[in-house]
Amino acid sequence: MIEPVEKATARELFEYVKKEGSRGYDVQRYKRPGGDDGSAVVETTMDPERRTLLSVKLEDIAECETIFTTLMGEDVEARRKFIEENALDVKNLDI
C-alpha cells in the first residue's frame, strides 16, 4: 500500500518527489563532450545500441535560441532562475 504524503508547499512536494524518484539512480551531467575523458560519451551518446535519436521541430526559432542560450550559456544565475521558474512545468525529463 502506498502511504499518503502531505507537504505544505509545491516546492516541498517537488523536493520530496525529486529525492524519492532519484533513489537508486546515479545522476551525472556532462555539459559538453570535452568535459570528461570521453569514455562516458562513447558509452552513451556514440553507442548506437544505447542512444535515442529524436526529431526536434523549431516552431519559434527566437524563443528556442533564448532558451538554448540561457541553458547552455555562461550566465549561471540566468540558468538557475530559468530552471527554478520552469521546474514544476516539466512534462518529459530525460534523466
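Quick note: structure is the one above.
Residue indices follow the written sequence of each chain, beginning from 1 at its first position. The model is predicted, so local features are restricted to residues of pLDDT at least 70 and side-chain atom pairs to those at 80 or more, both for listing and for counting; the totals for chains, interfaces and linings are taken over all residues. Side-chain calculation: all heavy atoms of the structure are included, whereas hydrogens and water are not.

Draft legend 1. Region of the structure containing the overall build of the protein. Along the protein, the regular secondary structure elements total four helices and zero strands. The numbering of helices and of strands both runs from the N terminus, where a helix is a DSSP run of H or I of at least 4 residues and a strand a run of E of at least 2. Overall, the protein shows an N-to-C arrangement of helices and strands of α-α-α-α. The Shrake-Rupley method, run with a 1.4 Å probe sphere, supplies the accessible areas, and residue values consider only the shown protein chains as cover. In the form shown here, the protein has an accessible surface area of approximately 9,100 Å², with 55% of it arising from carbon and sulfur atoms.

Draft legend 2. Spatial organisation of the side chain of Thr70. Note on placement: Thr70 falls in helix α3 (residues 61-72). We define a polar contact as two N or O atoms separated by no more than 3.5 Å, with the added condition that, inside protein, one atom must be a possible hydrogen donor and the other a possible acceptor, whereas residues neighbouring each other in sequence contribute only through side-chain atom pairs. Only 2.8 Å separates the side chain of Thr70 from the backbone oxygen of Thr66, close enough to count as a polar contact.

Draft legend 3. Here's a closer look at the packing of α3 against helix α4 (residues 76-86). Each axis is a line fitted through C-alpha atoms, taken for helices only over the stretch in contact, and angles between the N-to-C directions span 0 to 180 degrees. Two elements in contact, α3 and α4, have axes separated by 7 Å at closest approach and are oriented at 115°. Residues Ile67, Thr70, Leu71 and Met72 of α3 touch α4, and the partners they reach there are Ala78, Arg79, Phe82 and Ile83. Three residue categories are used. Nonpolar comprises Ala, Val, Leu, Ile, Met, Phe, Trp, Tyr, Cys and Pro, charged comprises Asp, Glu, Lys and Arg, and polar comprises the others, including Gly. Looking at the contact of α3 with α4, its residues break down into six nonpolar, one polar and one charged. Whether two residues are in contact is decided by their heavy atoms: any pair within 4.5 Å suffices.

Draft legend 4. Highlighting the pattern of salt bridges. Criterion for a salt bridge: a side-chain nitrogen of Lys or Arg within 4 Å of a carboxyl oxygen of Asp or Glu. As enumerated under the stated definition, the model contains four salt bridges in all. Its salt-bridge partner being Glu15, residue Lys18 comes within 3.4 Å of it at the nearest N-O pair. In this pair, Lys18 and Glu15 both sit in helix α1 (residues 10-21), three residues apart, roughly one turn of the helix. Per-residue accessibility, obtained with a 1.4 Å probe over protein chains only, is compared with the maximum for each type, and a residue is labelled buried under 20%, exposed over 50%, and partly exposed between these values. Accessibility expressed as a relative area gives 46% for Lys18, which makes it partly exposed. Overall, Glu15 belongs to the partly exposed group, its relative accessible area being 35%. Its salt-bridge partner being Lys81, residue Glu85 comes within 3.9 Å of it at the nearest N-O pair. Of this pair, Glu85 and Lys81 both sit in helix α4, four residues apart, roughly one helical turn. We note that Glu85, like Lys81, is exposed.

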